[in-house]
Amino acid sequence: MKKAQLFFLITIVLSALNSQGKTIRVGSAESVSQIKQAIAMAQSGDTILVRAGIYREGNIILQKAIVLMGEGYPVLDGENEYETLTVHTKNAVIKGLKFINTGTGSIEDKAAIKILDSENLHILNNQFENTFFGIYLANSSHIWIENNELTSEAEAEHQIGNGIHLWKCHHITINENKIKGHRDGIYFEFVTNSLITNNYSEGNMRYGLHFMFSHNDEYRDNTFINNGAGVAVMYTKGVKMINNHFIHNWGSSSYGLLLKDISDSFVTGNEFVENSVGIHLEGGSRIQFRENEFTKNGYAFKLQASCDDNVIERNNFQQNTFDLVTNGSLVLNKIESNYWDRYEGYDLNRDQVGDVPYRPISMYGMIVERMPTAVLLWRSFLVFLLDRAEKAIPVITPENLKDNLPSMKAYDFNK
Amino acid sequence: MTRVIRYIFNDILRTRFILFYTGFLLLSTFALFQLDSDFGKIVLSLLNIVLMVVPLVSVVFTTIHFFSSYEFIELMLAQPINRKVIFLSEYLAVASSLCMAYLIGVGIPFIMFSAGQNVISLLVIGVFLTLVFVSLAFLSSVLTRDKSKAIGIALLFWFYFSLIYDGFVLWIIYTFSDYPLEKVTLTLIAFNPVDLARIIMLLQLDISALMGYTGAFYKNFFGSNMGVLFSSSILFLWAIIPIYIALRIFHKKDL
Amino acid sequence: MILINELCKKFGKLTVLDQVNLNLSAGKSYALVGPNGSGKTTLIKSVLGTVRPSSGLIQFNGKDIANEWKYREQIGYMPQIGRYPENMRIGELIDMMKNIRKEVKTVDEELIDDFKLYKIYDKRMHTLSGGTRQKVSASLAFLFHAPVLILDEPTAGLDPVSVEILKEKILHERRVGKLIIITSHILSDLDELSTEMVYIFEGKVQYNNSIEALKEETHETRLNKAVTTLIKQKELLNSITEHL
């Protein structure tokens, strides 16, 4: 609702600006050959149209309410030394440009586009190659970052910055971007009331998505695949994570979704496939986990004892090595009506709900968590017997941890 | 020698036991296909059968066969053939008939439902386990003159490798959990053909179980060409060494 | 033809054969007699090589048989109990045996014909009666014209007609100059079939001479009487030596 309103408003504002302003063309064949020169000439409401070509102008600074637009993806080359574009303005559009080879460095966070203390910007359809930071926002609000493509090929974490990096922002929309090979794909710190949708974050060194202290944000339909350590979110409340895909985040300390100190949030309709750990929840309170698919994970759900009042309901657990492990004996969470493919109970009254409770915790899962080497005995007869015995008479797994209404059939969430 | 093997082989193929065994495998494989549509899951369930049933059937059938052929072996020994030839003929005939029963019982349903690469490994693993446990059963058969004692020893081999040994490994892991145990466990695994077979299959089917640093270590090891060579040659040794010892004993044995 | 020199066999602490010395020559037929557990079967198995002697020497045509197998081409053996792979056909069994001794070009199928086994070539072993199996065993033993025949209880379980056929065959083979070793509890059979008598008791050869000589010594005309007298004499002798 809010987004639609804002978008409407901005469209009106922009079209109004456009109709008023003039267009300055930049290119080797034009009278203006430098972008810097064009910006200097421009006034509020003007459009700068950059023709295809390579522009090596060091650090370009934009402080005017204009439209900076590329045609045929003109290249802004930072020559491995400069930050290519620094923005500090209200009401501007940056569109159709290609940024390459920004400078790197650990002291200064050099970015392809750095946006400081700005408002009402649209960053659309740009391409980023071999940039240290891709899009860097600080202290800004009402920014739209859409349809950008960011690709880097760093070999180690310290050689590279984040793809889309936000610090102290609010009301941001990040939609349909592709981020590959950065440190963190999307990084949020102190970012509130923002919307992250339809992004594709693959093969980043550290996290596909990483946020801290970022309340009341919503993440929808994003895909996080093959990232070094998956997705990590910490110290936040009021998060909505809906219909995202967490796929193949595989490694010794890798998580599909790592949740630490999160409260009053929703994790719904997501898909966790082939992760070392599907969800790792630590210090979580009042989170609703509903209608998620957990498939082929090492551990589908690691629920630490420090969590309370969470609800795990109507999820599908299929082909995971271990469905659920925990490290304590206290059960303060509600686990109900899930589908567990290991469930062997019966349903006499045919209401699709199993008549005997299911204990999702595997004793062997707990053993492996403590002694990872023991995984070598997985699927041996010994382990089979141990698990059977433990299911019959729980000794080391918490007795109350059970799903009282296990579903007989996997849910079909596509309906 | 080939005709001796052929006739013994043909004889065994007609025994009710082998027919039951083939039927049992066929039935369970078909049943699994009916119960589940996921290919990987079917192979995993079959893996359990293969790891338990194949060794068990191999040891029981081999010892029973050996003792019911005792008089025949004696008669053969009165013929102008080398003892080694008779013994190896028996081994090859028993092993190949059990392998054939296995390949038919598990292979045919998979061919009908069109098989993947995993199935080929499952078939190879099953054949290896058959060879190993037939070999062990021949060893227990020549260790004693008493049929029930021999079956006892053979079952002990089976029980030891499918359960007791793993308990021992788990105990070591538990006791020394503060130390890096990857290489130690790797060595321990090599001393149990059932574990070895299981790990080879896990690497192909249930990769999600091999998580964390330890999992990565095993994956790197067994996934490499060296690892494949290592594990298959160890399994091969497991088939060769017991039958070699058995042959040595049989050569000097009074019948 | 077969020379047994100081042969000893022990199973653990039990001495089954104790310094056995025998010289078995072609053209003669030996009756191997002794009570149950006296070591007859062990002696036969030692000659066949299925039992390995603890000490002593067995020579076949002047050659030590230890670890040898080629000499068994010269032996036709009929076991006491003929048990064969259950699902093998008679024809297959005979074919397999022929295949083992490929070098024998002309086989002696007289017994197969006389027992009419060719009619039941297709039958599987487990369907056969004990007597039929004995016939198969006998036929196999005579099949390869072997110069030495070792027959362990050959007539046990056979019907009277077949017994006569088998006896005729044995006598015929004796006449053509073969070495024949027979163990049997039916002493009247041995009377007809054998010329020599080897009596074994507690692993030792107690008597080894021709049957004629035995009869003379014991003043008996029938072998069974002669053997009983022999045993009584031995027992008497033993009890005296024990008392001394």
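Residues numbered from 1 in each chain as written. Chains lettered and ligands numbered in written order. Predicted model: local features only at pLDDT ≥ 70, side-chain atom pairs only at ≥ 80, totals over all residues. Heavy atoms only, no water.

Which residues make up the interface of chain B and chain A, and what values do they have?
Across the boundary between the two partners, chain B contributes 34 residues, which contact 27 residues of chain A. Both sides together, the interface formed by chain B and chain A hides about 2,500 Å², and carbon and sulfur atoms give 73% of it. One can count 0 salt bridges joining chain B with chain A. Summed over the shared surface of chain B and chain A, the result is 2 residue pairs in polar contact (both at pLDDT 80 or more). Mapped onto the side of chain B that touches chain A, the elements with two or more residues apiece are helix H3 (39–68), helix H7 (147–175), helix H8 (182–190), helix H9 (193–205) and helix H10 (212–223) of chain B. The leading source of residues in the side of chain B that touches chain A is H7 of chain B, at 8 residues. The class makeup of the residues in the side of chain B that touches chain A is 18 nonpolar, 8 polar and 8 charged. (Contact = heavy atoms within 4.5 Å. Buried area = accessible area lost by both parts, 1.4 Å probe. Salt bridge = Lys/Arg side-chain N within 4 Å of Asp/Glu carboxyl O. Polar contact = N/O pair within 3.5 Å; in protein donor to acceptor, adjacent residues only side chain to side chain. Helix = DSSP H or I, 4+ residues; strand = E, 2+ residues; numbered from the N terminus. Nonpolar A, V, L, I, M, F, W, Y, C, P; charged D, E, K, R; others polar.)

Report on the sheet that holds strand S3 (residues 29–33) of chain C, specifying residues and quantitative values.
Strand-to-strand pairing in sheets goes through backbone hydrogen bonds, with the strands running parallel or antiparallel. All names here are of chain C. If you walk across this open sheet you meet the 6 strands as S6-S7-S8-S3-S9-S10, and the pairing is mixed. In the strand order of this sheet, the two ends are held by strand S6 (75–78) and strand S10 (204–210), each with one partner. Along the sheet, successive strands turn relative to each other by an average axial angle of 15°, direction set aside. As defined by bridge partners, strand S7 (residues 148–152) adjoins strand S8 (residues 179–183) across 5 bridges and the pair is classed as parallel. The residue bridging Leu151 from the neighbouring strand is Ile182, located in S8. Most of the contacts of helix H4 (residues 130–142) go to S6, to which it runs at about 175°, and overall it touches S6 and S7. (Pairing = 2+ DSSP bridges. Axes fitted to C-alpha atoms, helices over the stretch in contact; angles between N-to-C directions.)

Go over the interface of chain B and chain C, please, and point to the residues and values.
With 25 residues of chain B at the interface, the matching set in chain C holds 32 residues. Roughly 2,800 Å² of surface becomes buried between chain B and chain C when both sides are summed, with 56% attributable to carbon and sulfur atoms. Seen at the junction of chain B and chain C, the total is 3 salt bridges. With its nearest N and O atoms 3.7 Å apart, the salt bridge here joins Glu71 of chain B to Arg83 of chain C. Inspection of the chain B/chain C interface yields 13 residue pairs in polar contact (both at pLDDT 80 or more).

How would you summarise the packing of helix H1 (residues 2–13) of chain B against helix H5 (residues 83–112) of chain B if you had to cite specific residues and measurements?
Residue and element names in this part refer to chain B. Where H1 contacts H5, the axes come no closer than 9 Å and their chain directions differ by 40°. In terms of axis orientation, H1 runs oblique to H5. As for how H1 packs across H5, the hand of that crossing is right-handed. Contact residues: H1 offers Val4, Ile5, Ile8, Phe9, Ile12 and Leu13, while H5 offers Ser89, Glu90, Leu92, Ala93, Val94, Ser96, Ser97 and Met100. Here the contact of H1 with H5 is composed, by residue class, of 10 nonpolar, 3 polar and 1 charged. (Parallel < 35°, antiparallel > 145°, perpendicular 65-115°, else oblique. Left-handed = near helix turned anticlockwise from the far one by under 90°.)

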